[in-house]
Each structure stands twice: as C-alpha cells, then as structure tokens.
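Below, each chain spelled out in residue letters.
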Number of protein chains: 2
Amino acid sequence: MHYPHTIQNLIECFKKLPGIGEKTAERYALATLDLDEDVIKQFSKSISDTKTKVKRCSRCNNLAEDDLCEICKDKNRDASLLCVVEDPKSIALFEKIGTYNGYYHVISGLISPLDGINPEDINLDKLIDRIKKEKIKEVILAVKPSIEGETTSLYISKILRDTDVLVSKIAHGVPLGTEIDYVDSLTLELALENRKQVIDDN
Amino acid sequence: MHYPHTIQNLIECFKKLPGIGEKTAERYALATLDLDEDVIKQFSKSISDTKTKVKRCSRCNNLAEDDLCEICKDKNRDASLLCVVEDPKSIALFEKIGTYNGYYHVISGLISPLDGINPEDINLDKLIDRIKKEKIKEVILAVKPSIEGETTSLYISKILRDTDVLVSKIAHGVPLGTEIDYVDSLTLELALENRKQVIDDN
C-alpha cells in the first residue's frame, strides 16, 4: 500500500473504466486531489447519480432522466422519420451534426446467429410495434457496417415489406479527407458499387 | 445538450483531469453507466473523500489520512536515512521498488530564481529543521535532473556543509534497456563523467 486508502480505492475505481491501467489511474487519482472543492462535489454526485437518476427512455431506449428522453419530449421533430441506432452514443453523434430532425430508436444489439443472438434477444418487437403504431414513413438504419449489421437491416426490412414504410440505411463509402490508399478494399468496393452520377448544375 | 444533465455533468468533470478531452470524457462517462452499483458507490465516495480525508503528513508532507502518513508511523525504518522528493508520487515509486528503508520528505517545489521561486517559497526550513533535529546521517536527494533540481540540491548541501550529514543524490545516466542512440547527449555526457570501474570479482 503506497498511498492512503482513499487514493488506493480511487485508483481501483478509475481502473474499472475502459483503457485505464495502473499508471493512468494513479495519475487521475492524484490529479483529483488538486481539483476544486465544488468540482469534487459535482464529480462525486454525478457518478452516484448515474445509478439513481439515469434511466432508459420508455419509448426509444435513449438515456433519459425522466420517463421520456429529451428528444422524445420534443414535439417539434418530424414524426415520420425514425433512425435506428445501436447505442445512445450514436444519437449524440447525429445530434451534434444537427441536420437530422426525426426521432430515434436504440436497439440493444445486432442479430448474430453465430453468437446465438436472435431477433427476440435484442427486443426488435418493440421497434416493429413502434414503427407500425406511430405512422412512421421512413426507417433509417444507422448500425455498424458488419455482417451482423447487414443481417439486422435485412431482417427489419423483411418484416416491414408489406407495409408502406420505406427502409433505408446510411451510406457506406470512402470517408471525406481520407487518402484512398488507406481505405480497406471492402469499403472501396462498396464505394464503387454505390457510385453516384456527378450532376452538372449549369 | 445531447445527453441527460447527469451524463453531461460527468463528462465536464472527467474533462478536468489531465489529458482527457471531449471524446475520452464521453467514453468514460458512458462506461460509468455500466459499472456495478457498489463500484459506483465506492467511486463517488472516494472522490469526495479526497477533499475530506486526505491530508498532508505533518512530518514529511506525504499524503496521509491521519496526522502522520503510513511511512512515518512505521517505527521499523532506518531513521538515519532521509530521501527528499518532489511529490508523493515519487514516494510511491520508491516504495514499489521496496529496497529503500529510510524515511522521506516531500518538498513543495524546486528553487528557480528565474521564476522567482526562492528557498523560503518551497518551505526548505522545515526540511533543514527536521534533518538537524532527527539525527539524520544521510540525505538522499531524488529530485528532477534539471537546473532547478541542481540548484535545490546545491542549496541544501551548502546549508548542511557544517554538519555531519552526508548529502547525496541519486545517479543519473543511461537507463537500463535503452539503446544508447536514443539517449540525449546531456544524459550521455553525465553517464560518461560518472563512469564506474568494472570490478572483476574472480
């Protein structure tokens, strides 16, 4: 025991966070000692609040402090659009862009028959029910581009085949600002396949 | 506001720690949500305890939860040795090695005339008093190898010149396991200057 118990405990707690090892945890714990008293209070309170105050939105599964999340509470959004994401972090990413004005739905995983994850395991029924009930016109799938993502996308579009709901997915291709040399061949193949005509506006 | 208040507050708190930016803070805050309830309690408590429970040892300035730190409380150490360090973290480093068995003293900075930091600003009197009072035989300086470190070392040895106290400093040189090519020239110069004779034991 090289530090007082409090510091040693704090180091152990920091180590529970992703990617934090002994040295970094030690650095953070010692830096915590130098924080102002009000920051310390806020920090301590926010951490315990994560268990007591933060819940999941009953409608879309986003992080929320009330029954509905801030986005579901907002009546000024386009109720005909629903973006399906894998986690609340994706919602934050889309919200940062600020151009999407519909609602979201967080599914709790992706279908993966190899890992024994079937549609019922990720609670897709709730999503399907919601789509049918809320008169949604377009479902935009924004899940990870992977076999599991594809399987999940196909499953959802198959179930909604007999409805008027349009199912789309976000485009995959070469990211802006990237040298083409550094893009993997699968992405490049997709980018070539999904090429768009260059339109001359003049 | 893309996250509930609690998460947003937690992100702001994590950002106060060294080297944590927006993205990392977001990652840690979301990971905090997944921690077990008892870890959350411990985490929250440890953070607030840093302000209420952690003090400085009245004898050596190390981090402590009582009047004396765990090391000063330990009567089985060699009271004739005193290692002078810059911060409690250095003590933890030496304790991890486990070969040093004397006591420590943390000074609150290094003398730096250019920055206007004089001996009285870093409370060197307390150290000198302690050395004279506690019948210490050797003071080992383990401060940063820099102009400020040298100045502080020289100042302490000058003050103790008329006493029987031996003042030493830890060796500087090429670290083990390092390619000589990567060592800076000042370190290499020091290593050459402080060369030791190779003794053939046979």
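Residues numbered from 1 in each chain as written. Chains lettered and ligands numbered in written order. Predicted model: local features only at pLDDT ≥ 70, side-chain atom pairs only at ≥ 80, totals over all residues. Heavy atoms only, no water.

1. Overview of the overall build of chain A
So, step 1. Check the secondary structure of chain A and you find eight helices and six strands.
So, step 2. Beginning at the N terminus, the succession of helices and strands in chain A can be written as α-α-α-β-β-α-β-α-β-α-β-α-β-α.
So, step 3. Scaling as 2.2 N^0.38, a compact globule of 202 residues should have a C-alpha radius of gyration of about 17 Å, whereas chain A reaches 22 Å, well beyond that.
So, step 4. In terms of overall dimensions, chain A has C-alpha extents of about 65 × 45 × 45 Å along its principal axes.
So, step 5. Residues counted as buried form 42% of the 202 residues belonging to chain A.
So, step 6. Relative to all contacts within chain A whose residues are 6 or more apart in sequence, the contacts with residues 24 or more apart total 48%.
So, step 7. Of the roughly 12,100 Å² that chain A leaves accessible, carbon and sulfur atoms contribute 51%. (Helix = DSSP H or I, 4+ residues; strand = E, 2+ residues; numbered from the N terminus. Rg over C-alpha atoms; globule rule 2.2 N^0.38 Å. Buried < 20%, exposed > 50% of the residue type's maximum accessible area, 1.4 Å probe, protein only. Contact = heavy atoms within 4.5 Å. Areas by Shrake-Rupley, 256 points an atom, 1.4 Å probe, with all protein chains shown as cover.)

2. Side note on the pattern of salt bridges
Residue and element names in this part refer to chain B.
So, step 1. Overall, the coordinates contain 26 salt bridges over all chains when judged by the stated rule.
So, step 2. Here glutamate 86 and lysine 144 are joined by a salt bridge, their closest N and O atoms 3.5 Å apart. One end of the pair, glutamate 86, is in the loop between β3 (81–85) and α5 (88–97); the other, lysine 144, is in the loop between β5 (138–141) and α7 (147–159), with 58 residues separating them in the sequence.
So, step 3. Classification of glutamate 86 by relative accessible area gives partly exposed; the value is 23%.
So, step 4. Its salt-bridge partner being glutamate 150, residue lysine 169 comes within 2.8 Å of it at the nearest N-O pair. In this pair, lysine 169 is assigned in strand β6 (residues 166–169) and glutamate 150 in helix α7, connecting sequence segments 19 residues apart.
So, step 5. The partly exposed category is assigned to glutamate 150, whose relative accessible area is 32%. (Salt bridge = Lys/Arg side-chain N within 4 Å of Asp/Glu carboxyl O.)

3. Considering the relation of the copies chain A and chain B
So, step 1. Turning chain A through 180° and shifting it by 0.0 Å along the axis lays it on chain B, with an RMSD of 0.1 Å. On the angle and the small slide along the axis, the relation comes out as a two-fold axis. Across chain A, the smallest distance between a C-alpha and the rotation axis is recorded for serine 44 of chain A, namely 2.2 Å.
So, step 2. When the interface residues of chain A are mapped onto chain B, 100% of them are again interface residues, pointing to one common binding face. (Least-squares fit on C-alpha atoms with pLDDT ≥ 70 in both.)

4. Thoughts on the packing of aromatic side chains
So, step 1. Counted according to the given criterion, the structure contains nine aromatic pairs over all chains.
So, step 2. Members of the aromatic cluster, joined through ring pairs, are Phe14, Tyr28 and Phe43 of chain A together with Phe14, Tyr28 and Phe43 of chain B.
So, step 3. The side chain of arginine 59 of chain A reaches across the aromatic face of tyrosine 103 of chain A, ending 4.8 Å from its centre. (Phe/Tyr/Trp six-rings, centres within 6.5 Å; stacked < 30°, edge-to-face > 60°. Lys NZ or Arg CZ within 6 Å of the ring centre and 35° of its normal.)

5. Re the sheet that holds strand β5 (residues 138–141) of chain A
Residue and element names in this part refer to chain A.
So, step 1. In spatial order, the strands read β4-β3-β5-β6; together these four strands make up an open sheet with parallel pairing. Of all the strands in the sheet, the pair left with one neighbour each is β4 (103–106) and β6 (166–169). Strand after strand, the sheet turns through a mean of 25° between neighbouring axes, direction not considered.
So, step 2. Here β5 pairs with β6 via four bridges, running parallel. Considered in β6, the bridge of leucine 141 is made with lysine 169.
So, step 3. Taken strand by strand, helix α5 (residues 88–97) contacts β3 (81–85) and β4, and its axis lies near 155° from that of β4. (Pairing = 2+ DSSP bridges. Axes fitted to C-alpha atoms, helices over the stretch in contact; angles between N-to-C directions.)

6. Some thoughts on the nonpolar core
So, step 1. Core analysis: the biggest nonpolar cluster contains 44 residues, and Phe14 of chain A together with Phe14 of chain B have the highest contact counts within it.
So, step 2. Listed by contribution, the elements that provide at least two residues to this core are α1 (5–14), α2 (22–33) and α3 (37–52) of chain A together with α1 (5–14), α2 (22–33) and α3 (37–52) of chain B.
So, step 3. Excluding residues within four positions of it along the chain, phenylalanine 14 of chain A makes contact with Ile20, Ala25, Tyr28, Ala29 and Thr32 of chain A together with Phe14, Leu17 and Phe43 of chain B.
So, step 4. In this structure, Ile71, Val85, Ile140 and Val165 of chain A belong to the second largest nonpolar core, which totals 33 residues. (Core = buried A, V, L, I, M, F, W, Y, C linked by side-chain atoms within 4.5 Å.)

7. Overview of the domain arrangement of chain A
So, step 1. You can read the domains of chain A as domain 1 (5–52) and domain 2 (73–197).
So, step 2. Here domain 1 of chain A and domain 2 of chain A have C-alpha centroids that lie 36 Å from each other. (Domains from an automatic or database assignment.)

8. Here we look at the packing of α3 of chain A against α3 of chain B
So, step 1. It is the contact of α3 of chain A with α3 of chain B, at a shortest axis distance of 9 Å, that shows an interaxial angle of 170°. Overall, the two elements α3 of chain A and α3 of chain B adopt an arrangement that is roughly antiparallel. Together, Glu37, Ile40, Phe43, Ser44, Ile47, Ser48, Thr50 and Lys51 of chain A of α3 of chain A and Glu37, Ile40, Phe43, Ser44, Ile47, Ser48, Thr50 and Lys51 of chain B of α3 of chain B make up the contact between the two elements.
So, step 2. Its residues assigned to classes, the contact of α3 of chain A with α3 of chain B comprises six nonpolar, six polar and four charged. (Parallel < 35°, antiparallel > 145°, perpendicular 65-115°, else oblique. Nonpolar A, V, L, I, M, F, W, Y, C, P; charged D, E, K, R; others polar.)

9. Describing the pairing of β4 of chain A
All names here are of chain A.
So, step 1. Of the two faces of β4, the one lined by Tyr103 and His105 and the one lined by Tyr104 and Val106 are each fully buried.
So, step 2. One ladder, built from four bridges, connects β3 with β4; its direction is parallel. Along β4, the bridge assignment pairs cysteine 83 with tyrosine 104.

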